[in-house]
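Read off the chains here:
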Amino acid sequence: MFRNDLLRPKRILITGGGTGLGKAMARRFLELGATVYICGRREDVLQRTAAELSPHGPINAIPCDVRNLDAVETMIDSIWKSGPLDILVNNAAGNFIARTEELSPGAWNSVIGIVLMGTLHCTMACGKRWLASNHKATVLNISATYAPVGSAYVVPSAVSKAGVEALTRSLAVEWGNRGIRMNAIAPGPIPTQGAFSRLMPRPELEAFALDRNPMHRFGTTEELANLTAFLISDGSSYINGEVIRMDGGEFLQGAGEFTALGRALTNADWASLKPRKK
Ligand code: HXC
Ligand code: NAP
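Once a new chain begins, its residue numbering starts again from 1 and follows that chain's sequence as written. Here the convention is simple: chains get letters from A, ligands get numbers from 1, in the order in which they are written. Given that the model is predicted, a residue must reach a pLDDT of at least 70 before its local features are reported, and side-chain atom pairs must reach 80 or more before they are shown or counted; all residues, however, enter totals for whole chains, interfaces and linings. Heavy atoms from the whole structure form the basis of all side-chain values; hydrogens and water molecules are not counted.

Q: Which parts of the structure should I look at to understand the site of ligand 1?
A: Here a residue counts as near a molecule or strand whenever at least one of its heavy atoms sits within 4 Å of it. With respect to spatial proximity, 17 residues lie near ligand 1, and among them Arg-41, Arg-67, Asn-95, Ser-104 and Arg-198 are the closest. In this structure, Arg-41 approaches ligand 1 through a side-chain N or O atom, which is 2.8 Å from an oxygen atom. Polar contacts, as counted here, are pairs of nitrogen or oxygen atoms within 3.5 Å of one another; within protein the pair requires one atom able to donate a hydrogen and one able to accept it, and residues that are adjacent in sequence qualify only if both atoms are side-chain atoms. One of the side-chain N or O atoms of Ser-104 is found 2.5 Å from an oxygen atom in ligand 1. Areas reported here follow the Shrake-Rupley algorithm with a probe of radius 1.4 Å; residue values treat only the protein chains shown as occluding. When ligand 1 is considered free in solution it has 1100 Å² of accessible area, and contact with the protein chains removes 58% of it. Strands are runs of DSSP state E lasting at least 2 residues, helices are runs of H or I lasting at least 4, and numbering of each runs from the N terminus. If you list the elements that add at least two residues to the shell around ligand 1, you get helix H4 (105–132) and helix H6 (193–199).

Q: Help me understand the site of ligand 2, please; the structure alone is not making it clear to me.
A: The local shell around ligand 2 holds 26 residues, among which Thr-19, Arg-41, Arg-42, Asn-91 and Thr-192 are the closest. A distance of 2.8 Å separates an oxygen atom of ligand 2 from a polar atom in the backbone of Leu-21. Side-chain polar atom of Asp-65 to a nitrogen atom of ligand 2: 2.8 Å apart, as the coordinates give it. Secondary-structure elements contributing two or more residues to the shell around ligand 2 are helix H1 (20–31) and H6. Here the shell around ligand 2 takes three residues from H6, the largest share from any one element. Here the shell around ligand 2 is composed, by residue class, of twelve nonpolar, nine polar and five charged. Lys, Arg, Asp and Glu make up the charged group, whereas Ala, Val, Leu, Ile, Met, Phe, Trp, Tyr, Cys and Pro make up the nonpolar group; the residues left over, Gly among them, are polar.

Q: It is not clear to me how the packing of aromatic side chains should be interpreted in this structure. Could you clarify?
A: Given two aromatic rings, one states the distance between the centres and the angle between the planes to describe the pair. Think of it this way: a Phe, Tyr or Trp ring, Trp meaning its six-membered ring, pairs with another when their centres are within 6.5 Å, and the plane angle makes it stacked under 30 degrees, edge-to-face over 60, tilted otherwise. The full count for this structure, using the stated rule, is two aromatic pairs. Ring geometry for Trp-80 and Trp-130: centres 6.4 Å apart, planes at 50°, overall tilted. One end of the pair, Trp-80, is in helix H3 (residues 69–80); the other, Trp-130, is in helix H4, and 50 residues separate them in sequence. An angle of 85° between the planes, with centres 5.1 Å apart, marks the rings of Phe-196 and Phe-218 as edge-to-face.

Q: How should the sheet that holds strand E6 (residues 180–187) be read in this particular structure?
A: Across a sheet, strands are paired by hydrogen bonds formed along the backbone, either parallel or antiparallel in direction. Read from one edge of the open sheet, seven strands run E3-E2-E1-E4-E5-E6-E7, paired in parallel fashion. The two strands at the open ends of the sheet, each matched to only one other strand, are strand E3 (59–63) and strand E7 (243–246). Ignoring which end each strand starts from, the neighbouring axes of this sheet average 20° apart. Pairing between strand E4 (residues 87–90) and strand E5 (residues 137–142): four bridges, direction parallel. Residue Asn-90 lies in a different strand from E5, and its bridge partner there is Asn-141. DSSP calls a pair of strands paired once it identifies at least 2 bridges connecting them. Inter-axis angles, ranging from 0 to 180 degrees, are taken between N-to-C directions of lines fitted to C-alpha atoms, where helices are fitted over the stretch in contact.

Q: Quick question: what am I supposed to make of the state of the cysteines here?
A: By definition, a disulfide links two cysteine residues through a covalent bond between their sulfur atoms. Note on terminology: disulfide denotes any pair of cysteine sulfur atoms within 2.5 Å. Following the criterion strictly, the structure yields zero disulfides and no others. Residue Cys-39 stays outside any disulfide, its sulfur separated by 5.1 Å from that of Cys-64, the closest cysteine. Unpaired in this structure, Cys-126 has its nearest cysteine sulfur neighbour in Cys-122, at a distance of 6.7 Å.

Shown next, in the form of structure tokens:
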């Protein structure tokens, strides 16, 4: 689907790149010629991923907690020593299902700190450097389909992702005339250990999610990585300020007034509803 030098010689930071979707993106970007940096809190996880992916291209692992602005500045400084980044992928996240009235202040802080503040810290650290040196660059934020409408039981994540989408649209305009594009992807469920262990901890919750999806399957990390590669590449240079949903139509399944008739009515019902010939 892509030329294998599509992302050469781009330098890309993927936050949360040691696992799940971030790791899949890292692999794809390396295959397409990029130099990749991954960060996360757990150094052992990062090192294992870097060792596994290094046959595909140059990959560097930097332990960093994106909630901590000083730590982010130190990481970005260390990357810039060998040259500016061209692309930032804000992918790191924290999430779990819980009843909102039971959340402690620490629980709110934890998720908002990672998802919203972490995205802000990394975007500001890179953005200030790019603007100061007139460096063309792209930011891609990983959101979730519930950001524009909210979702019960993942409320710290919903408010944070909504903020991330507002940031995406705001800075696309404010920084767009200075060579910085900013977009987001809102994936539907894609099996990763990190997400599914926290959001679908029982098999019946997975079955429930599958049943809601018009395509009756989850997305794949390859599908996500391909969309991401397109959106960060120069081939999509006029796409700015967009949130692209990739969920097999799951979001729209809940939107149409009459969609549920597909489950409520049988073939016999449909036949009986046809107008009778006079
Ligand atoms: C209620 C919880 C909780 C839970 C943690 N807390 N888990 N409260 N229900 N299940 C509370 C703790 O009691 C604590 O509050 C506070 O949250 C912080 O918890 P810690 O474990 O001390 O924090 P930390 O080690 O920083 O872990 C952060 C985390 C954890 C977010 C809680 O889950 C994590 O590390 N997540 C990273 C990876 C991840 O979540 N991946 C999934 C992304 S998927 P107190 O009051 O004691 O301080 C995603 C997909 C969305 O976003 C869409 C899917 C379709
Ligand atoms: P994941 O494997 O748990 O990825 C989350 C990553 O973020 C981990 O590598 C984690 O590493 C890192 N991280 C967490 N807190 C951090 C912090 N404070 N500082 C730096 N890194 C931190 O889950 P995933 O499914 O791949 O999720 C990736 C992204 O996709 C997230 O933005 C998520 O909201 C989004 N998403 C996923 C799905 C899905 O179904 N999988 C659907 C919609 C959206 P450490 O723990 O080592 O820090």
